[in-house]
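# Architecture at a glance
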Amino acid sequence: MNLKNARVYRLSAPLPVTTETLEQALSEFKITPLCAQEAVKVGFCQPLHPSVKTLVTELLNGVLVVAVKRTEKILPAAVIAEEMQPKVEALEQEKGRPVTRGEKQALKEEVQQSLLPRAFPKSTITRAYIDMAGNQIIVDTASASKAEDVLALLRKAIGTLPALPWLDNHKLHTNLQLWLQNKGLPVELTLGHNAQLKAPDEEGAKAQFANHLLSADEVQSHLQDKLVTKLQLSKHEVCTFTVTDDGAITGIKWHDLLTGQNDEMGWENVQARIEADLYLLTEELRRVLAAIQGVVEV
């Protein structure tokens, strides 16, 4: 199991839950199979493995792991259009005129409902890590909307969730400009090889660099008229990742020296192995986030 992204939120007050009370709260919103006429369902699921039945897993560092599963039936547009065509033609022949937009929409909804029982379901799982000691929630997604959906369901289950942005975006923008110049980088972090800059005017011209020497003049010259929107950073023998201008940590790639530390455990006990791996990743992510926060929020 991996941890690839981090949408981070600061809790303005400690959550009034324990592992046991959170388990009970989430069970009220546990995912259930889709019925024949249902298009989508969202609910909590086992965060580690289907064989581990609990909805909340507490790691050795006190981080609580939960997961939200979204199941939806896929109806390809081409299939809907093919089913609609004869119905549209029949209605036009009956009315003696072209169908209206409203009539066409009604036919589309009718076709979608008729196709739902035959549609194949597709599921996605988004994990969240509740750092009780650090008063933070980390959602493993690059999408802000998906992260908000997870928070919304957590808030509904718990009854409260005082989650705020973990960084001041204005301060972050200032620091991204400095970091690209190799100035004031967080402790133990170095420049990576990828960056994206965007002009703040209406045209929004972009400059993107991949696998590039970021200290090169051709990169640095763009700082004169553009703002850094994405910047890759690295922690030696731990990970590389990208910081975006809205505070997301994306594209995390963990070093083999870190991910291989638990190889001797094997996979005989799946739960123990996954928990051990996630413990390593969440501990290192804690340190990375603290280093970034320590510079941005001064």
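## Digging into the nonpolar core
Core analysis: the biggest nonpolar cluster contains 46 residues, and Leu 231, Phe 241 and Ile 292 have the highest contact counts within it. At the level of elements, strand E4 (63-74), helix H5 (169-180), strand E8 (189-198), strand E9 (206-209), strand E10 (227-235), strand E11 (239-244), strand E12 (249-254) and helix H8 (270-296) are the ones that each hand at least two residues to this core. Sorting elements by how many residues they give to this core places H8 first, with nine residues. If we ignore the near neighbours within four places in the chain, the residues touching Leu 231 are Leu 176, Trp 179, Leu 180, Leu 191, Asn 194, Ala 195, Leu 214, Phe 241, Thr 242 and Val 243. In this structure, Tyr 9, Leu 15, Leu 153 and Ala 157 belong to the second largest nonpolar core, which totals 25 residues.

## Quick look at helix H2 (residues 77-95)
Here H2 contains 19 residues, and its C-alpha end-to-end distance of 26 Å stays within 8% of the 27 Å for a straight helix at 1.5 Å per residue. The axis of H2 is deflected most strongly, by about 30 degrees, at Met 84, and proline Pro 86 appears within four residues downstream. Three or more residues of H2 are buried, namely Ile 80, Met 84, Val 88 and Leu 91. The inward-facing, buried residues of H2 abut helix H3 (101-115). Count one or two residues on from H2 and you reach Gly 96, which has phi positive near 75 degrees.

## Some points on the sheet that holds E8
As summarised here, the arrangement of the five strands in space is E9-E8-E10-E11-E12, forming an open sheet in which the pairing is antiparallel. Looking along the sheet, the strands with just one partner apiece sit at the ends: E9 and E12. Across the sheet, the mean angle separating the axes of adjacent strands is 20 degrees when strand polarity is ignored. Each of E8, E10 and E11 touches H5; the most contacted strand, E10, lies at about 65 degrees to it. Against the sheet, H8 contacts E8, E10, E11 and E12, and its axis sits at roughly 130 degrees relative to E12.

## Thoughts on the pairing of E11
Both faces of the sheet carry side chains from a regular strand, because those side chains alternate between them. The element E11 is extensively covered by neighbouring structure, given that five of its six residues are classed as buried. Remark: three residues form the turn of the hairpin made by E10 and E11, two consecutive strands paired antiparallel; Glu 237 in that turn has positive phi of roughly 60 degrees. By the bridge criterion, four bridges tie E11 to E12 in an arrangement that is antiparallel. Pairing of Val 243 across the sheet is with Ile 249, part of E12. Following E11, the chain reverses through four residues before pairing antiparallel with E12; Gly 247 in that reversal takes a positive phi of roughly 90 degrees.

## Notes on the pattern of salt bridges
Pairing between side chains of opposite charge can happen when the charged atoms of each approach one another. Going through the model one piece at a time under the given rule, you end up with 14 salt bridges. The salt bridge partner of Lys 87 is Glu 110, with a shortest N-O separation of 3.8 Å. With Lys 87 in helix H2 and Glu 110 in helix H3, this pair connects stretches of sequence that are 23 residues apart. Assessed through its relative accessible area of 34%, Lys 87 is described here as partly exposed. The structure contains a network of salt bridges with shared partners spanning Asp 131, Glu 188, Lys 235, Glu 283, Glu 284, Arg 286 and Arg 287.

## Regarding H3
Its 15 residues give H3 an end-to-end C-alpha distance of 21 Å, which sits within 8% of 21 Å, the value for a rise of 1.5 Å per residue. Restricting attention to buried positions, one finds in H3 the residues Leu 107, Val 111 and Leu 115. Looking down the long axis of H3, one finds its buried residues gathered within 70 degrees of arc, a one-sided arrangement. Turning to H3, the residues buried within the fold contact H2.

## What about the state of the cysteines?
Here, disulfide denotes a covalent bond that connects the sulfur atoms of two cysteines. Using the criterion set out here, one finds zero disulfides in the structure. Free cysteine Cys 35: the closest other cysteine sulfur is in Cys 45, separated by 18 Å. By relative accessible area, Cys 35 is classed as partly exposed at 45%. What makes Cys 45 buried here is its relative accessible area of 4%.

Criteria and cut-off values
- Residue positions are given per chain, counting from 1 as you read along its sequence in written order.
- The predicted nature of this model means local features are confined to residues of pLDDT at least 70 and side-chain atom pairs, given and counted, to a pLDDT of 80 or more, with totals for whole chains, interfaces and linings taken over all residues.
- To obtain the side-chain values, all non-hydrogen atoms of the structure were used and water was disregarded.
- Here, nonpolar core refers to any group of buried Ala, Val, Leu, Ile, Met, Phe, Trp, Tyr and Cys residues whose side-chain atoms link them within 4.5 Å.
- To sort residues, take the accessible area from a 1.4 Å probe on protein chains only and compare it with the maximum for the residue type: under 20% means buried, over 50% means exposed, and anything in between is partly exposed.
- Numbering of helices and strands starts at the N terminus; helices are DSSP runs of H or I of at least 4 residues and strands are runs of E of at least 2.
- For this analysis, residues touch if any pair of their heavy atoms sits within 4.5 Å.
- Multiplying 1.5 Å by the helix residue count minus one yields the expected span of that helix.
- We define the bend at each residue as the angle formed by axes fitted to the 7 residues ending at it and the 7 residues starting at it.
- DSSP calls a pair of strands paired once it identifies at least 2 bridges connecting them.
- Axes here refer to lines fitted to C-alpha atoms; in helices the fit is confined to the stretch in contact. Angles between the N-to-C directions go from 0 to 180 degrees.
- We count a salt bridge whenever a side-chain nitrogen from Lys or Arg sits within 4 Å of a carboxyl oxygen from Asp or Glu.
- In this description, one arc is meant: the one made by directions from the helix axis to the C-beta atoms.
- Here, a disulfide means two cysteine sulfur atoms that sit within 2.5 Å of each other.

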